[in-house]
Amino acid sequence: MPKTEADLMAFLAELGIATSTKRHPPLYTVADSQALRGEIAGGHTKNLFLKDKKDNFFLVTVDEDAVVDLKQIHQVIGAASRVSFGKPEMLMELLGVTPGAVTVFGVINDTANRVKLVLDKDLMEHAVINGHPLTNEATTSIAARDLVRFVEATGHDAAILKVSM
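Residues numbered from 1 in each chain as written. Predicted model: local features only at pLDDT ≥ 70, side-chain atom pairs only at ≥ 80, totals over all residues. Heavy atoms only, no water.

(A) Spotlight on the layout of surface pockets. By volume, the largest pocket is sized at about 440 Å³. Contributing to the lining of the largest pocket are 27 residues, with Tyr28, Asn47, Gly100, Val102 and His132 lying nearest its centre. Only helix H2 (30-33), strand E2 (43-51), helix H4 (88-95) and strand E6 (128-131) provide two or more residues apiece to the lining of the largest pocket. It is E2 that contributes the most residues to the lining of the largest pocket, 6 residues altogether. The residue inventory of the lining of the largest pocket, partitioned by class, reads 13 nonpolar, 11 polar and 3 charged. (1 Å grid on protein atoms, 1.4 Å probe; cavity = no way out; pocket = protein on both sides within 12 Å on 5 of 7 lines; lining within 4 Å. Points joined across faces, edges and corners; volume = space filled by probe spheres on them. Helix = DSSP H or I, 4+ residues; strand = E, 2+ residues; numbered from the N terminus. Nonpolar A, V, L, I, M, F, W, Y, C, P; charged D, E, K, R; others polar.)

Written out as structure tokens, the structure reads:
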């Protein structure tokens with residue numbers, strides 16, 4: 001069973017990482033979430049769950065307004081080939097979330113470390129980063145440096161690369 005929002009919050013607390021979470025109706029797209037601008041400060045994320053032809057999986061987290069060239073991103077993230085979007089079944093199996101709730105926090109469920117996480121350099125220039133806490137019915141704010149600590153505590157590398165145009 002994938003970890004829950006409560007499991008995530010307990011893990012963050014164990015790490016001594018402070019966060020704040022705002023509840024809201026389910027948000028499925030960046031456009032949906034933009035209705036909350038002004039209520040939640042910081043960088044808001046867009047997450048791309050990608051795979052290459054050798055079944056290597058990537059979670060690319062960028063600023064909500066970022067433009068990403070999906071025809072060229074494989075060269076930046078170290079994919080074996082051009083990438084496509086991963087299937088919902090693999091999203092659930094690897095990150096424990098459904099489409100519409102994809103989040104950087106999903107790496108807590110990737111205990112086999114099958115997903116390479118890439119954080120966009122431009123996103124990481126924000127002092128605070130916002131993402132769904134394993135559910136699209138809330139947004140959790142975390143300091144950028146604490147997000148890196150969280151990622152590393154899950155056993156993942158926090159690869160910070162320039163992926164947006």
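So that's the structure; there's more coming.
(B) Spotlight on the nonpolar core. Phe49, Leu95, Phe105, Leu147 and Phe150 are the most contacted members of the largest nonpolar core, which has 31 residues in total. By residue number, the principal contributor to this core is helix H5 (residues 144-153), which donates 5 residues. Residues contacting Phe105, with those up to four places away along its chain left out, are Leu8, Leu12, Gly131, His132, Pro133, Leu134, Thr140, Ile142, Leu147 and Phe150. Residues Leu48, Leu50, Phe58 and Ile73 belong to the second largest nonpolar core, which totals 13 residues. (Core = buried A, V, L, I, M, F, W, Y, C linked by side-chain atoms within 4.5 Å. Buried < 20%, exposed > 50% of the residue type's maximum accessible area, 1.4 Å probe, protein only. Contact = heavy atoms within 4.5 Å.)

(C) Here's a closer look at H4. By the burial criterion, the buried members of H4 are Met90, Leu91, Leu94 and Leu95. Buried residues of H4, viewed axially, fall in a sector of 105 degrees; they line one side. Residues of H4 that are exposed and angled more than 90 degrees away from the buried face: Glu89 and Glu93. Buried residues belonging to H4 abut E2, strand E3 (57-63) and strand E5 (115-120). One or two positions beyond H4, positive phi appears at Gly96, with a value near 70 degrees. (Arc of directions from axis to C-beta.)

(D) Up close: the pairing of strand E7 (residues 138-143). For E7, the tally of buried residues reaches 6 of 6 residues, placing the bulk of the element in the interior. Every second residue of E7 is oriented toward a common face, with Ala138, Thr140 and Ile142 on one face and Thr139, Ser141 and Ala143 on the other, all of them buried. Judged from the 5 bridges that link them, strand E1 (residues 19-23) and E7 form a sheet pairing that is antiparallel. Counted as the bridge partner of Arg23 is Ala138 from E7. In terms of strand pairing, E6 meets E7 through 4 bridges, oriented antiparallel. When the bridges of E7 are listed, Asn130 appears paired with Ser141. (Pairing = 2+ DSSP bridges.)

Geometry only, nothing functional implied.
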